[in-house]
Structure formats: structure tokens, C-alpha cells
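Reading the structure
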Amino acid sequence: MAKIKLEYIWLDGYEPTQNLRSKTKVEEHENFKGTLEELGNWSFDGSSTKQAEGGSSDCLLVPVAIYPDPTRINGYLVMSEVMYADGTPHPSNGRATIDDDNDDFWFGFEQEYFIMDTKTLLPLGFPVGGYPAPQGMYYCSVGGKNTHGRKLVEEHADLCIAAGINFEGINQEVACGQWEFQLFAKGAKKAGDEIWVARYLLDRLTEKYGYYIEYHPKPLGDTDWNGSGMHANFSNEILRTCGDQATYERICEAFRPVTAEHIAVYGAYNDQRLTGKHETASIHDFSYGVSDRGCSIRIPLMTVQKGWKGWLEDRRPASNGDPYKIAARIIKTVKSAL
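Residues numbered from 1 in each chain as written. Predicted model: local features only at pLDDT ≥ 70, side-chain atom pairs only at ≥ 80, totals over all residues. Heavy atoms only, no water.

Quick look at the overall build of the protein chain
Scanning the protein chain from terminus to terminus reveals seven helices and 13 strands. Taking 20 Å as the expected radius of gyration for a compact globule of 338 residues, we find that the protein chain reaches 20 Å, a close match to that expectation. C-alpha atoms of the protein chain, sized along the principal axes, occupy 55 × 55 × 40 Å. Burial statistics for the protein chain: of 338 residues in total, 53% are counted as buried. The long-range share in the protein chain, meaning contacts at least 24 apart out of those at least 6 apart in sequence, stands at 66%. (Helix = DSSP H or I, 4+ residues; strand = E, 2+ residues; numbered from the N terminus. Rg over C-alpha atoms; globule rule 2.2 N^0.38 Å. Buried < 20%, exposed > 50% of the residue type's maximum accessible area, 1.4 Å probe, protein only. Contact = heavy atoms within 4.5 Å.)

This is the structure:
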């Protein structure tokens, strides 16, 4: 028998942005294989996470995905859904709203974020009481003058890969101290699971560096510094195979009348980021175009070159958005056009 550490991870009920919570269960197992079937449900005090009242505070944690924990011996990361005691989804459970049971939809999320210093409360590379050199030399830079936080970023990438997450890349972003990682998954629920577990690993990693991660879409306010998004690249069988420009345009047009519904679940404070500047479209408009990063939805040039077979990129989701809710809304809109 071996002692197995199971880190149950879930999303709390805080608004407008939910937070990751986790706690560890240690169990004895013989020949543990790391599968969902070997796990049981757990519970937590929902009155401490804005998910229940004190008089009836138990909420259920139902495991939905399991990954090896690369930082622990015999450890596993258990992504969980929050349910009521009767087994129905809690209102904070965005995963339960995804209509993609056959994994027809594929998602690639590009997660941007700022690495912040816990002492100065500023992005890495920012001097106290001032600003570093203007944007221009930070994007995909190399060297200590313009690159800040690479050690943490590289370690995070290694942890995600070791955990079995389909991690596709990293790069420093346009602003000083800003980075991005990319994930891809076949199936909207899996894509959301992996973003949340990757965020968990990133947040936990900062504890040993004296940093924290800022997911606010415009942490530097109304300045000439880029904000942070979580661009959502998506496709289904039709987008991957149709070979028809008219079908692509019909799907894009389906997003226009429900712009407000998308913005509502694309992350809090996104109005500060979607200004029409810094590679964004205005939050008040909707547009799409081939290879245009100033549009709401970009039709990738590669999709066109392959004869209108590929994917679309919604550039509006904010860095603090919930990938479950984002995917659920995109799927609903795409299905409405077909």
C-alpha cells in the first residue's frame, strides 16, 4: 500500500472573477493507476468560498480530470466540479454548461498574464516610482535588459508537460513582465480543465519566487501598455472541413447579434482592454477579417490558404476569463449558425 496525495482543485463563488481553491486528501492505495474511476467525491465548506450559507455549508467536489502532480511524490492534481448535495451543478460551475459531449469542438487558448513582484506590487522589470523603457523591445526578447521572469516561465512549462497537459508554447509578450502560454485540446471541457490546472501550477509556483500572477486584463490602467487577453482559437468538424468561405462568414455573422452575451462571460474589466488600441477591437463593435488582429474575430490566413478549412480566433476573451464559460458561449453561437 502507498500513501497517495490527491490535490482536489475547484473554482470558488467569488464575483466577478472566480478564484482557484484546493485541498489535499491523503489516501492509501495499492497499485494506484491515476484514473478518475479510482477517485471518490469529496466536500468542502462552501460558506467560506461564497458557495453556501453557514447553516447548510457542504458542497460536493466531483472529480472530472486527473493529472500527475510533478512537484510531489505520489501526488495527483484532481480538477473538480462543484455540485450541490443532490448532485446538481452549483451556479458557479461553468463546466456544466458546455454542450460538447462528443468533443466535436477543439480549443486552443493563448493565456497572457503579468508576473508581479510581491514586494513592489509591480510587474517584473518595473522600477519603483517610474516606468521601464517603452513597449517595443520586450516581445519575444532575449537577454537580461528586456526579459524578466524567464526562470519561472520555463519551470512552469516543464511542470505542465510533466503533468501531461497538452502544452504548446511560451513567449514573452508586448509589455514588460508580461508572458503567454498556449494550450490545445480536443473537447471543450478538456480544454477548460487544462487551462485551470495550468493556472493552478503557475500560481502555486510563484509561492517560492516571491511573485504573484496578475490576470487582470488591464493591470496598468489607462496607459500605453498592452493589456492581457486569452485568445480563443476554436473549430468544429464543419470549420475544419467545409472548404467554403460562405460558411465561415455565416458562422462569424452569428456572433454579431449576441455580442453582449459573449462579452458578459469573457472576463471582468474587459472594457478597459477592448478599446480599439493595442491589437484589440472596441468592446462596442463587432468585426471579423482575414489575418486582422484588430478585429473581434480573426480568420487565420492559414485557414484561407488551406481552402477555408481550419479554425477561427476570438480575440475578445480577457486573461481572467473562465475558459469553461467562454467555450460554452462560443459553442452555443456556432451551433446557432448551422
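With respect to the UniProt feature "domain: GS beta-grasp" (unreviewed entry) in the protein chain
When the UniProt feature table is mapped to this numbering, "domain: GS beta-grasp" (unreviewed entry) covers residues 4-87. Helix makes up 0% of residues 4-87 and strand 50%. Its end C-alpha atoms lie 26 Å apart. (UniProt positions renumbered as here; feature names shortened; annotations may be inferred.)

Quick word on the domain arrangement of the protein chain
Partitioning the protein chain into domains gives domain 1 (2-93) and domain 2 (106-337). At the junction of the two partners, domain 1 supplies 17 residues and domain 2 supplies 19 residues. Together domain 1 and domain 2 conceal approximately 1600 Å² of surface at their shared face, both sides included; 68% is due to carbon and sulfur atoms. On inspection of domain 1 and its partner domain 2, the count reaches one salt bridge. Of the charged contacts in the structure, one is a salt bridge between Asp69 and Arg204, with a shortest N-O distance of 2.9 Å. (Domains from an automatic or database assignment. Buried area = accessible area lost by both parts, 1.4 Å probe. Salt bridge = Lys/Arg side-chain N within 4 Å of Asp/Glu carboxyl O.)

Quick look at the packing of helix H1 (residues 150-162) against helix H2 (residues 188-205)
Orientation of H1 relative to H2, taken along the N-to-C sense of each, is 135°, at an axis distance of 10 Å. Of the possible angle classes, the one that applies to H1 and H2 is oblique. Between H1 and H2 lies a crossing of right-handed hand. Mapping the contact onto sequence places Leu152, Glu155, His156, Leu159 and Cys160 in H1 and Ala198, Leu201, Leu202 and Leu205 in H2. Class assignment for the residues of the contact of H1 with H2 results in seven nonpolar, one polar and one charged. (Axes fitted to C-alpha atoms, helices over the stretch in contact; angles between N-to-C directions. Parallel < 35°, antiparallel > 145°, perpendicular 65-115°, else oblique. Left-handed = near helix turned anticlockwise from the far one by under 90°. Nonpolar A, V, L, I, M, F, W, Y, C, P; charged D, E, K, R; others polar.)

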